[in-house]
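Architecture and fold: a report
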Amino acid sequence: QSQLMESGGGLVEPGGSLRLSCAASGITLYYFTITWFRQAPGKEHEGVACISSSGDGTVYVDSVKGRFTISRDNPKNTVYLQMDGLKPEDTATYYCAARSTLRGTRCTTEPHKVNYDYWGQGTQVTVSS
């Protein structure tokens, strides 16, 4: 049984918007730092955005700053990634990952700086005209 489930991906034109959701089951999400990753065919995983368990701290990779917004609704046990001004280079499978605050509260998009307890199955985002 998956503890995290992504949704909201799809096909969108350049300049368009999508809102991705990461819904948790079987865990209480406010005890976890959440990071969105993405991976395109032939490329390595890239950290996109991170949000602290409280929602007070966020981190973004430079390529999405000003276009993407990560947020969370802890009572709904859900984290969101609002993506505006989408570009073809944003095309990828997007994953959310959760790290327990019992092991620390660092929020980072850098790979291999921290490990994660749970990963979702991924949702496909395609930006094309």
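The present account deals with the structure reproduced in this document. (Residues numbered from 1 in each chain as written. Predicted model: local features only at pLDDT ≥ 70, side-chain atom pairs only at ≥ 80, totals over all residues. Heavy atoms only, no water.)

Observations regarding the environment of Thr-91
Relative to the helices and strands, Thr-91 is located in the loop between strand 8 (78-83) and strand 9 (92-100). Taking C-alpha positions, Thr-91 is 9.2 Å from Leu-11, a pair spaced 80 residues apart along the chain. In contact with Thr-91, other than residues within four places in its own chain, are Ala-40, Gln-124, Val-125, Thr-126 and Val-127. Side-chain polar atoms of Thr-91 contact the backbone oxygen of Pro-88, separated by 2.9 Å. In this structure the side chain of Thr-91 is engaged in a polar contact, spanning 2.9 Å, whose partner is the backbone nitrogen of Val-127. (Helix = DSSP H or I, 4+ residues; strand = E, 2+ residues; numbered from the N terminus. Contact = heavy atoms within 4.5 Å. Polar contact = N/O pair within 3.5 Å; in protein donor to acceptor, adjacent residues only side chain to side chain.)

Looking at the state of the cysteines
By definition, a disulfide links the sulfur atoms of two cysteine residues through a covalent bond. A complete count under the given rule lists two disulfides for this structure. Across the disulfide, Cys-22 is cross-linked to Cys-96 (sulfur-sulfur distance 2.1 Å). The sign of the 70° torsion about the S-S bond sets the Cys-22-Cys-96 disulfide as right-handed. Of this pair, Cys-22 sits in strand 3 (residues 18-24) while Cys-96 is found in strand 9, placing the two residues 74 residues apart along the sequence. For Cys-22, a relative accessible area of 0% puts it in the buried group. With relative accessibility at 0%, the residue Cys-96 sits in the buried group. With a sulfur-sulfur separation of 2.0 Å, Cys-50 is cross-linked through a disulfide to Cys-107. (Disulfide = S-S within 2.5 Å. Buried < 20%, exposed > 50% of the residue type's maximum accessible area, 1.4 Å probe, protein only.)

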